[in-house]
Amino acid sequence: MKWKLQDFAVEKRNGEDVVARRALLHEQSPVIQAEEKVEEPQAKNEKVLRYSKRKEYFLESDNKEGPKEFISKPEATNILPDEYPVVEFGGAIGAALSMLSMPPLLYYLVYMCTQEDASLCNFYPHWTFSDLWDSTVFGYFALWILLLALLHLLPIGKIAHGVRLANGKRLRYRINGLLALFLVGILVAVLSYQRISLLYVYDHLHQFAASATLLSLMLSAYVFIRSRTASQEDLSTAGKSGNLIYTFFMGRELNPHIGKFDLKHFSAVHVALIGWVFNNFIMLLAEMNVQQLEIPSPSMILVNAFQLLYVLHALWHQENILTSLDIAHDGFGFMLAFGNLVWVPFVYSLQALYLVKHPVEISQAALAAIVALNTFGYVIFRRANNLKNAFRKNPEDPRLSYLNSIPTSYGSQLLISGWWGFVRHPNYLGDIIMAWAWCLPCGFDYILPYFYGFFLTGLLIHRVSRVEHQCRRKYGHDWDKYCKLVPYRIVPYVY
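Residues numbered from 1 in each chain as written. Predicted model: local features only at pLDDT ≥ 70, side-chain atom pairs only at ≥ 80, totals over all residues. Heavy atoms only, no water.

The name recorded for the chain in an unreviewed UniProt entry is Delta(14)-sterol reductase, from Engystomops pustulosus. Of the comments in the UniProt record for the chain, the one headed Sequence similarities (unreviewed entry) reads "Belongs to the ERG4/ERG24 family." According to its UniProt record, the chain has this under Pathway (unreviewed entry): "Steroid biosynthesis; cholesterol biosynthesis." (UniProt positions renumbered as here; feature names shortened; annotations may be inferred.)

Enquirer: Account for the overall build of the chain, naming residues and giving values.
Expert: When helices and strands are counted, the chain shows 18 helices and 11 strands. Counted over contacts in the chain with a minimum sequence separation of 6, partners at least 24 positions apart contribute 75%. Just so you have it, the chain exposes about 25,000 Å², and 60% of that area is on carbon and sulfur atoms. (Helix = DSSP H or I, 4+ residues; strand = E, 2+ residues; numbered from the N terminus. Contact = heavy atoms within 4.5 Å. Areas by Shrake-Rupley, 256 points an atom, 1.4 Å probe, with all protein chains shown as cover.)

Enquirer: Tell me about the nonpolar core, residues and numbers included.
Expert: Core analysis: the biggest nonpolar cluster contains 127 residues, and Leu-106 and Met-283 have the highest contact counts within it. Discounting residues that sit within four places of it in the chain, Leu-106 has contacts with Ala-209, Thr-213, Phe-338, Val-342, Trp-343, Phe-346 and Val-347. Counting residues in each nonpolar core, the second largest holds 7 residues, with Ala-384, Leu-400, Leu-403 and Leu-415 among its members. (Core = buried A, V, L, I, M, F, W, Y, C linked by side-chain atoms within 4.5 Å. Buried < 20%, exposed > 50% of the residue type's maximum accessible area, 1.4 Å probe, protein only.)

Enquirer: Account for the packing of aromatic side chains, naming residues and giving values.
Expert: For the structure on display, the rule yields 29 aromatic pairs. Taken together, a centroid distance of 5.9 Å and an interplanar angle of 55 degrees make the contact between Trp-276 and Tyr-310 tilted. Of this pair, Trp-276 sits in helix α8 (residues 263-290) while Tyr-310 sits in helix α9 (residues 298-316), placing them 34 residues apart in sequence. Judged by its relative accessible area of 1%, Trp-276 is buried. Its relative accessible area of 15% is what places Tyr-310 among the buried residues. (Phe/Tyr/Trp six-rings, centres within 6.5 Å; stacked < 30°, edge-to-face > 60°.)

Enquirer: Could you give me a rundown of a nonpolar patch on the surface, with the residues and numbers involved?
Expert: Nonpolar side chains collect at one region of the surface, where Tyr-140, Leu-143, Leu-146, Leu-150 and Leu-153 lie side by side and expose about 520 Å² of accessible area between them. Relative to the elements of secondary structure, Leu-150 occurs in helix α3 (residues 135-152). Note on Leu-150: relative accessible area 51%, which makes it exposed. (Patch = residues over 30% accessible without salt bridge, like charges linked within 9 Å, V, L, I, M, F, W, Y side chains within 5 Å. Salt bridge = Lys/Arg side-chain N within 4 Å of Asp/Glu carboxyl O.)

Enquirer: Give me the pattern of salt bridges: which residues, what numbers.
Expert: Close approach of charged atoms lets side chains of opposite charge pair. Summed over the entire model, instances satisfying the criterion amount to 11 salt bridges. Where salt bridges share partners, they join Lys-169, Glu-233 and Asp-234 into one cluster.

Structural data, given as structure tokens:
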């Protein structure tokens, strides 16, 4: 007996079961044909060959009457061991450089966006301690985090389960990010109606960024100290490295909780995404005030609308965030604490901040082209993610019967058709297209507002290497077979 990776179907002919099957993988011909082909049997026991959409492992027998056994989840024998050592981001040296460089880079970007001359070489800051620190601002920021925490704790919204962790656990998460954003919107409307100016945030943006940085550092220290009492099964992969600097940066504990309060999930959803949208709206108000506009400029409207759509999509599909690399694999350390509390809210809103003091005239044709580009990226991003998540939940869904996939010895299947047969990470392709569309409303006078496009492109290319390393460990040789069928990672014929 031998293993063959095949499709199969069963037909009833003359009262007898006749097996129809198709080889899905072949060393000499990895291309999957789309047409249906049937060959009539020449003898009673000869098999009927035709194409089928269902994929399983087929145990071929020498018995001419056909196969006797079908196994949908064979034993995994080619998976790399969990103990396989992995060091990411350059190890301790890379972690130290990241922690030392990210806060100054943030302040540089924010400072340059508020200057009339935003050229990269025009950097002569004259900061004093009071320019970067204000205890009142820190108090306001702490109240903002407290408000988001209270919204996170609201017992409203469905309960979803995360992926099964290495210790066998599946954590429970409250899905209420969209509700929290709606309530924050109501609060902002009430403050505006009461003529309480929100421009205080823009006027003290450096101090707010510094307060967020300090709080992220305090949070990183807290979760690192408390992780010393965590059990081995609760540690992340990086948390088992034993290097102090590296584990502080990557996060030692995978999912630190305070009671039932999940710190990582809260920071990734409520603090990062809602903070991003809130800062964008503040910049919209600031533009109207600085440039004496009755309505926001078309460029500012585009940036706010594009990014609001992105956040609304993320919160509407909040349950899908639970399968992301950040939630399912990475520990909670400085990387995610600083990223969620500081980097996302203040750097991802960079285009809106830039437009406050740098008005851009945009033609109707350019506006339409930018909208079309963003829509194109969003369609790819949304359809690819929706397809992936639907298939992950129920690969036997009849609505997905048109998809082709290959089984793995891990027990799950890998899509090789639709957007996921186009490239291996089509959602990243859509993400990158949208990122550059968000930069275009800022014009071409300065390269500074295009930082986000360069950053996200580099981030996702690096993330591809991280994700594929995890997949190679998980699926073993089956991943190599999959890569032969879908050879390009993000951009066809390029990468």
